[in-house]
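# Architecture and fold: a report
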Amino acid sequence: MRKFIFKVLTFCILFFSSLVVISVIYENIEIESNDYIKGMIKKHQLLDSIPSPRIIIAGGSNNAFGINSRLIEEAFELPVINLSIHAGLGTPFIIEEIQQGVRNNDIVILSLEYGLRDGDKFIKKVLPILPEIKGYAKNYFDSNFLLNIQSNVDHVSGKILQHLIMTLKNSLSQSNGIEVSEIYHMNAFNKYGDVVAHIHEKSKLKKAQKNDDLKDNSVNDNTEIENDKYFKLINNFKEVADSKGANVIFMFPTMAESYYEINSEGLKMYAEDIKKKVNIDIGNDTRSFVYKDSLYYDTPSHLTGIGRDLRTIDLIKLLKKNTLLFNDDNDIPSNKKINIVD
Amino acid sequence: MLFGSLEFAIFLPIVFVLYWFVTNKNLRHQNILLLLASYFFYGWWDWRFLSLIVFSTCIDYLIGIYLGIDLDNRKRKFLLLSSIAMNIGFLGLFKYYNFFAESFAQAFSLFGASFEPYRLNIILPVGISFYTFQTLSYSIDVYRKKLKPTKDFIAFAAFVSFFPQLVAGPIERAANLLPQFHKPRVFSYDEASDGLKQILWGLFKKIVIADNCAVYANAIFDNSDNYSGSSLLIGAIFFTFQIYGDFSGYSDIAIGTAKLFRFKLMQNFAFPYFSRDFGEFWRRWHISLSTWFRDYLYIPLGGSRGSKLLSIRNVFIIFIVSGFWHGASWNFIAWGALNAAYFLPLLLLKKNRKNLNTIAENSFFPSLKELIGMLTTFSLTVIAWIFFRAESLFEALNFISNIFCKALFSFPMVEVLGQSKLQMGVVIVLIIFLIIVEWIFRKERFAFDNISKVKPFFRWSIYLGVSILIFIFRASEKQDFIYFQF
């Protein structure tokens with residue numbers, strides 16, 4: 001037994017020492033990547049540099065692909081920042097990110113994807129190529145002890161893997177960086193943070209089948225307790241925004257028609273739950289941004305170029321009706337109110 | 001609790017230390033510890049379903065005791081049938097009820113009588129198909145007087161719920177595992193060290209091979225209409241390695257963990273993708289289930305002893321039941337039937353036991369004939385796995401027709417969000433590494449078995465190298481073990 005325990009411990013020491021050595025070597029190696037998620041850098045530069053009042057759009061890729069911020073900017077004569085990038089980052093991260101960035105007089109349009117979720121797994125994947133992410137939602141990382149440990153470990157292994165792939169690629173093609181695709185690319189965004197690389201692409205979306213429910217997105221799977229956890233975060237955010245003097249409106253995201261029909265039961269329950277439990281003004285209903293399947297690019301929530309313009313016009317009309325956001329009591333100069341160019 | 005999770009990495013050393021340092025030398029205390037640890041392990045997933053295991057354990061224990069008493073045959077048969085009814089009843093309720101309700105409704109609708117079947121909104125308890133078969137084997141063996149019933153309830157309960165193999169096998173025979181709970185267990189350095197080696201390789205297969213293959217297999221199977229024939233074929237091959245890495249990896253970890261506590265579980269996989277025909281494949285794939293069906297279904301049905309027609313019927317029954325055991329849907333039944341069709345010609349030509357030895361037994365490389373046999377068997381297996389992975393029979397048939405109708409000979413293009421094309425190349429290299437290592441160890445019980453002949457420096461370098469490979473190349477998203485759903 002002694003021999004066994006001695007050998008196991010020796011092996012553990014050897015293994016962890018190897019990891020430390022590898023970590024030290026890889027700590028100083030920068031990973032070049034053009035991954036879509038690196039679009040966050042640009043978005044956060046906008047968030048830091050543009051003065052308030054501003055309109056900030058927060059949520060998942062339904063906004064990144066499906067908003068034409070220029071139209072909103074022209075309509076309200078306020079600078080627009082599309083902070084949304086990927087729902088996989090999870091509700092807690094997205095909320096913490098906007099909570100950290102919001103300022104006095106900002107207007108936040110919070111349009112979270114259906115199916116509120118944790119994003120720890122996805123964030124662990126993102127960390128090696130975007131270590132800056134830790135600065136975008138400091139409280140999220142500070143309060144998540146286990147994630148911190150795991151992410152540090154994953155950071156090292158992810159870096160090694162990415163480095164190996166990069167080296168392999170460079171030796172094969174002499175080009176730099178890791179190109180994931182032309183659409184899902186860090187340069188896919190315009191100056192507002194909208195994805196524009198796809199706007200001339202045709203729809204690739206297939207019609208929803210019977211089994212294309214949103215189980216993966218947890219709309220039909222989330223228990224009431226799980227959702228309540230996220231609703232609490234949203235309500236906390238509202239309090240923080242109020243204390244900072246910012247306005248918040250919640251909006252249901254877009255979804256392709258055939259997928260909406262298949263999931264209508266679950267979505268109805270989810271919407272009722274939100275209306276009951278979330279203390280934020282809700283600016284639309286689940287049907288507001290439902291369009292034909294042919295207006296979606298590759299997923300039921302990624303609109304094509306035409307689709308995103310339609311959705312944006314509908315969004316502007318809905319915002320225009322919202323007197324809570326654009327009334328005489330707030331600090332937005334009256335000449336910047338609801339001046340839609342359409 | 002998942003093997004390979006942080007929780008299990010904490011749980012296992014604690015149980016190990018308590019087992020050998022606190023309860024050591026006291027068999028009853030060891031069994032109590034194993035029982036508590038097993039219930040904790042299972043309850044970590046959902047403690048409510050523990051009641052099901054406890055109930056099943058109590059009933060089968062009592063039935064075993066009564067079967068041991070010198071009763072007349074009618075009473076004994078009644079007791080056995082009660083055990084079968086209870087175990088199969090649980091399985092039927094949790095796993096098959098909705099399937100039968102829907103199938104009946106569909107069948108009635110063919111005659112114009114449509115009705116909405118009543119569906120049960122229940123989740124399938126993890127591992128129910130495994131532990132019910134294990135307890136069934138106990139009742140049947142006691143009934144057949146091949147095994148004496150145990151009076152030690154703790155030992156019996158620990159046998160039913162033994163945590164290394166509770167949720168995904170190997171499905172142990174009572175005659176093999178139960179007596180081990182009655183014998184004093186003394187620590188063995190060789191066994192424990194063997195166990196750790198097997199766990200290490202199992203982790204590699206699960207975390208590196210299966211979880212990485214799953215990323216691509218899932219992407220391709222979930223959007224099969226958008227891919228060319230060549231990409232779909234790549235997806236099917238990824239799934240072929242995913243299911244092997246997942247299930248054989250689980251079995252290796254289970255067997256290795258059991259060795260740490262001085263238990264010997266049966267071998268569940270014997271490098272099945274090196275098989276030269278389907279007879280050999282089914283002697284090497286999920287051995288514990290195949291032999292269970294052989295002993296408790298195929299042979300009682302008459303096996304291959306009767307007429308040809310009877311043999312054909314028995315082969316189809318065993319394969320279809322095996323498919324149905326995996327899941328309550330038509331695609332699993334089709335998977336079973338297809339395997340029966342693969343196996344049947346061998347049986348009819350009496351060539352099903354032709355390849356009893358190991359491939360390339362006296363050389364490193366296989367002969368051309370062996371290579372052709374191996375590649376043919378592998379290719380047919382890939383096609384069969386499509387039925388296993390697809391969500392429905394229609395989807396499987398559509399997938400296969402798309403392979404052959406949509407540019408099979410084009411260059412495969414697989415785009416997965418967040419994964420570069422070269423990452424797929426890395427996964428392919430890792431699969432080749434797996435094949436090479438397993439080929440080297442193909443005559444052993446598992447990879448790294450009998451590695452002690454290698455010099456210690458090289459041996460330790462191999463262990464360290466594989467551990468670092470697991471650390472670097474582990475998939476970013478852990479996948480549940482596929483066989484948990486069965």
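Residues numbered from 1 in each chain as written. Chains lettered and ligands numbered in written order. Predicted model: local features only at pLDDT ≥ 70, side-chain atom pairs only at ≥ 80, totals over all residues.

The secondary structure content of chain B amounts to 17 helices and zero strands. For chain B, the spread of C-alpha atoms along the principal axes amounts to about 70 × 70 × 45 Å. Buried residues in chain B amount to 44% of all 486 residues. Across chain B, contacts joining residues at least 24 apart in sequence account for 75% of those joining residues at least 6 apart. (Helix = DSSP H or I, 4+ residues; strand = E, 2+ residues; numbered from the N terminus. Buried ≥ 20, exposed ≤ 12 C-beta atoms within 10 Å, placed from the backbone. Contact = placed C-beta atoms within 7 Å.)

Moving on: the confidence of the model for chain A. All names here are of chain A. On average, residues of chain A score 82 in pLDDT, and 77% of them reach the 70 mark or higher. Within chain A, the element-level pLDDT minimum falls on helix 9 (residues 145-173), averaging 66, and the maximum on strand 2 (residues 80-82), averaging 96. Low pLDDT, under 50, characterises residues 328-342; the predicted model gives this stretch 25 contacts beyond four residues in sequence or across chains. (pLDDT = per-residue confidence, 0-100.)

A few words on the environment of Pro179 of chain B. On the secondary structure map, Pro179 of chain B appears in helix 7 (residues 174-182). Taking the C-alpha atoms as reference points, Pro179 of chain B and Phe40 of chain B, separated by 139 residues in sequence, lie 23 Å from one another.

Residues and elements named next belong to chain B. Once the domains are mapped, chain B shows domain 1 (6-184) and domain 2 (191-276 + 355-485). In this structure, domain 1 and domain 2 have C-alpha centres spaced 29 Å apart. Taken together, the contact between domain 1 and domain 2 spans 16 residues of the former and 16 residues of the latter. Listed by contribution, the elements that provide at least two residues to the side of domain 1 that touches domain 2 are helix 1 (6-22) and helix 7. Of the residues belonging to the side of domain 1 that touches domain 2, the class tally is ten nonpolar, five polar and one charged. (Domains from an automatic or database assignment. Nonpolar A, V, L, I, M, F, W, Y, C, P; charged D, E, K, R; others polar.)

A few words on the nonpolar core. One recurring pattern in soluble globular proteins: nonpolar side chains tend to sit buried together. Residues and elements named next belong to chain B. Formed by 126 residues in total, the largest nonpolar core has its most connected members in Phe159, Cys213, Tyr216 and Phe387. Considering every element that reaches this core, the biggest residue donor is helix 8 (residues 189-222), with 18 residues. When residues of this core are sorted by domain, at least three fall in each of domain 1 (6-184) and domain 2 (191-276 + 355-485). (Core = buried A, V, L, I, M, F, W, Y, C linked by C-beta atoms within 7 Å.)

Bringing the sheet that holds strand 4 (residues 247-250) of chain A into the picture now. Consider a sheet: its strands pair through backbone hydrogen bonds, and that pairing is either parallel or antiparallel. All names here are of chain A. Ordered by their spatial adjacency, five strands build an open sheet running 2-1-3-4-6, and the pairing between neighbours is parallel. Each edge of the sheet is formed by a strand with only one pairing partner; in this case those strands are strand 2 and strand 6 (281-282). Bridge count between strand 1 (residues 55-59) and strand 3 (residues 107-111): five bridges; the pairing is parallel. Considered in strand 3, the bridge of Ile56 is made with Val108. (Pairing = 2+ DSSP bridges.)

A few words on the packing of helix 1 of chain B against helix 2 (residues 27-46) of chain B. All names here are of chain B. Here helix 1 crosses helix 2 at 170°, and the two axes come no closer than 10 Å. Our classification of the angle between helix 1 and helix 2 gives roughly antiparallel. Between helix 1, through Glu7, Phe11, Val15, Leu18 and Tyr19, and helix 2, the contact on the second element is made entirely by Gln30, Leu33, Ala37, Phe41 and Trp44. (Axes fitted to C-alpha atoms, helices over the stretch in contact; angles between N-to-C directions. Parallel < 35°, antiparallel > 145°, perpendicular 65-115°, else oblique.)

Another aspect to go through is the pairing of strand 4 of chain A. Residue and element names in this part refer to chain A. Across four bridges, strand 3 lies against strand 4 in parallel orientation. Residue pairing in the sheet places Val108 in a bridge with Val248 of strand 4. The pairing of strand 4 with strand 6 spans two bridges and is parallel. Bridge pairing in strand 6 links Ile249 to Asp281.

Residues and elements named next belong to chain B. Tracing the backbone shows Pro125 in the loop between helix 4 (73-110) and helix 5 (128-143). Spatially, the C-alpha atom of Pro125 lies 6.4 Å from that of Phe49, the residues being 76 residues apart in sequence. Leaving out residues up to four positions away in the same chain, Pro125 has contacts with Phe49, Leu52 and Phe94.

Cis geometry is adopted by the peptide bond preceding Pro53 of chain A, which originates at Ser52 of chain A and carries an omega value of 0°. Residue placement: Pro53 of chain A occurs in the loop between helix 2 (39-49) and strand 1. The backbone phi angle of Ala360 of chain B is positive, close to 45°, even though this residue is not glycine. Within the element layout of this structure, Ala360 of chain B appears in the loop between helix 13 (330-348) and helix 14 (368-389).

On to the confidence of the model for chain B. Residue-level pLDDT values for chain B average 88, and 96% of them are 70 or greater. Of all the helices and strands in chain B, helix 4 of chain B carries the lowest mean pLDDT, 85, while helix 14 of chain B carries the highest, 95.

Residues and elements named next belong to chain A. Across its 14 residues, helix 12 (residues 264-277) extends 20 Å between first and last C-alpha, which sits within 8% of the 20 Å expected from 1.5 Å per residue. Listed as buried for helix 12 are Gly266, Leu267, Tyr270 and Ile274. Seen along its axis, helix 12 keeps its buried residues to an arc of 95°; they face one direction. Relative to its buried face, helix 12 has exposed residues pointing more than 90 degrees away, namely Glu265, Lys268, Glu272, Lys275 and Lys276. (Expected span 1.5 Å × (residues − 1). Arc of directions from axis to C-beta.)

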